[in-house]
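Per-entry structural report
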Amino acid sequence: GESVGLHLPTLSVQEGDNSIINCAYSNSASDYFIWYKQESGKGPQFIIDIRSNMDKRQGQRVTVLLNKTVKHLSLQIAATQPGDSAVYFCAEIASGGSYIPTFGRGTSLIVHP
Amino acid sequence: EAQVTQNPRYLITVTGKKLTVTCSQNMNHEYMSWYRQDPGLGLRQIYYSMNVEVTDKGDVPEGYKVSRKEKRNFPLILESPSPNQTSLYFCASSPRDGAYEQYFGPGTRLTVT
């Protein structure tokens, strides 16, 4: 597989646990945020997004929380499964600007059966 | 199947030998972009295109060229590759612009010796 996971923060959990992955963003003008999942040897895959007029959004087994005061984003995965093992990273976009997304370095999630 | 395809998936070349990495999407998306991914760093945008014949520099455009003659294709051109362009490259597309979720290709691993 690719070496995307090297040098990244790692979160190890047991199957069935809930996982929380955090992301600090830098631009106070960012108003759109996306979480991506990247499995070894594959391209990033969209998980969930949130706009700045919201502080919480839920999907299937995933929840994203946005705290604009401290510029913090989190991804919660409920009942984590081995198939959730991947690198997760956030992206921030200032839609009133250049539309160039800024991606975080990512967190490697390891789920033990 | 809706997808973004890239070719080749793996390429080893020598310094100075021009190369092109192709990218194609079948979703009729207007927005396409190229990223490079290096260990320990987040995805960094090289170039993007809002529509046919409209291209703009991303964060790291030096040493790269792109073209958008057709809506579905967005090739990445390295006129004179150098070893610091050894990286994992991803093409992505989006239905409108960078402020929306992007669909990524499988990646191209490029090694320049």
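Residues numbered from 1 in each chain as written. Chains lettered and ligands numbered in written order. Predicted model: local features only at pLDDT ≥ 70, side-chain atom pairs only at ≥ 80, totals over all residues. Heavy atoms only, no water.

Helix and strand counts for chain A stand at 0 helices and 10 strands. Element order for chain A, N to C, with α for helix and β for strand: β-β-β-β-β-β-β-β-β-β. Computed over C-alpha atoms, the radius of gyration of chain A comes to 14 Å, within 12% of the 13 Å expected from 2.2 N^0.38 for 113 residues, which places it in the range of a compact globule. Dimensions of chain A, computed from the C-alpha atoms along their principal axes, are close to 45 × 25 × 20 Å. Expressed as a percentage of the 113 residues in chain A, the buried residues total 42%. For chain A, contacts bridging at least 24 residues in sequence account for 56% of all contacts bridging at least 6. Approximately 5,500 Å² of chain A is accessible, and the part contributed by carbon and sulfur atoms is 47%. Taking the average location of the 9 positive side-chain charges in chain A and that of its 9 negative ones, the two points are 4 Å from each other. (Helix = DSSP H or I, 4+ residues; strand = E, 2+ residues; numbered from the N terminus. Rg over C-alpha atoms; globule rule 2.2 N^0.38 Å. Buried < 20%, exposed > 50% of the residue type's maximum accessible area, 1.4 Å probe, protein only. Contact = heavy atoms within 4.5 Å. Areas by Shrake-Rupley, 256 points an atom, 1.4 Å probe, with all protein chains shown as cover. Lys, Arg positive; Asp, Glu negative; His and termini not counted. Charge placed at Lys NZ, Arg CZ, Asp CG, Glu CD.)

Below, the discussion takes up the side chain of B:T108. Residues and elements named next belong to chain B. Checked against the element boundaries, T108 lands in strand β11 (residues 108-112). In terms of polar contacts, T108 uses its side chain to reach the side chain of Q6, at 3.1 Å. At 2.7 Å, the side chain of T108 forms a polar contact with the backbone oxygen of P8. For T108, the contacting residues outside a window of four places in its chain are Q6, P8, R9, V21, S87, L88 and Y89. (Polar contact = N/O pair within 3.5 Å; in protein donor to acceptor, adjacent residues only side chain to side chain.)

Okay, the environment of B:P61 next. Residues and elements named next belong to chain B. You can see P61 is positioned in the loop between β6 (54-57) and β7 (65-66). You can call P61 buried: its relative accessible area is 8%. Expressed as a C-alpha distance, the spacing of P61 and W34, which sit 27 residues apart in the sequence, is 9.7 Å. Among all residues touching P61, those that are not within four sequence positions of it are I46 and Y47.

A separate point is the packing of aromatic side chains. Overall, the coordinates contain 11 aromatic pairs over all chains when judged by the stated rule. Judged by centre distance (5.3 Å) and plane angle (85°), the rings of A:F103 and B:Y35 are edge-to-face. In this pair, A:F103 is assigned in strand β9 (residues 102-103) and B:Y35 in strand β4 (residues 31-37), connecting two distinct chains. Taking the centre distance of 5.6 Å and the plane angle of 45° together, the rings of B:Y35 and B:F104 count as tilted. (Phe/Tyr/Trp six-rings, centres within 6.5 Å; stacked < 30°, edge-to-face > 60°.)

This part is about the layout of surface pockets. Taken as a whole, the largest pocket encloses approximately 340 Å³ of empty space. Lining the largest pocket are 18 residues, and of these A:G43, A:P44, A:Q45, B:A2 and B:F104 sit closest to its centre. Elements that contribute at least two residues to the lining of the largest pocket include exactly β4 (45-51) of chain A together with β10 (103-104) of chain B. Each residue belonging to the lining of the largest pocket can be placed in one class, and the counts come to 8 nonpolar, 5 polar and 5 charged. (1 Å grid on protein atoms, 1.4 Å probe; cavity = no way out; pocket = protein on both sides within 12 Å on 5 of 7 lines; lining within 4 Å. Points joined across faces, edges and corners; volume = space filled by probe spheres on them. Nonpolar A, V, L, I, M, F, W, Y, C, P; charged D, E, K, R; others polar.)

A separate point is the sheet that holds β7(B). Residues and elements named next belong to chain B. On the basis of which strands lie adjacent, the open sheet formed by 4 strands has the order β1-β3-β8-β7 and antiparallel pairing. Edge strands, defined here as strands with exactly one partner in the open sheet, are β1 (4-7) and β7. Here β1 pairs with strand β3 (residues 19-25) via 4 bridges, running antiparallel. Considered in β3, the bridge of T5 is made with S24. (Pairing = 2+ DSSP bridges.)

Now for the interface of chain A and chain B. Taken together, the contacts link 25 residues of chain A with 27 residues of chain B. Counting each side, the surface lost to burial between chain A and chain B is near 2,000 Å², with a carbon and sulfur contribution of 56%. Linking chain A with chain B are 0 salt bridges. The tally of links from chain A across to chain B stands at 4 residue pairs in polar contact (both at pLDDT 80 or more). Sorting the residues of the side of chain A that touches chain B by element identifies β3 (32-38), β4 and β8 (86-93) of chain A as the ones contributing at least two each. In terms of residues, the side of chain A that touches chain B owes the most to one element, β3(A), which gives 4 residues. Of the residues belonging to the side of chain A that touches chain B, the class tally is 13 nonpolar, 8 polar and 4 charged. (Buried area = accessible area lost by both parts, 1.4 Å probe. Salt bridge = Lys/Arg side-chain N within 4 Å of Asp/Glu carboxyl O.)

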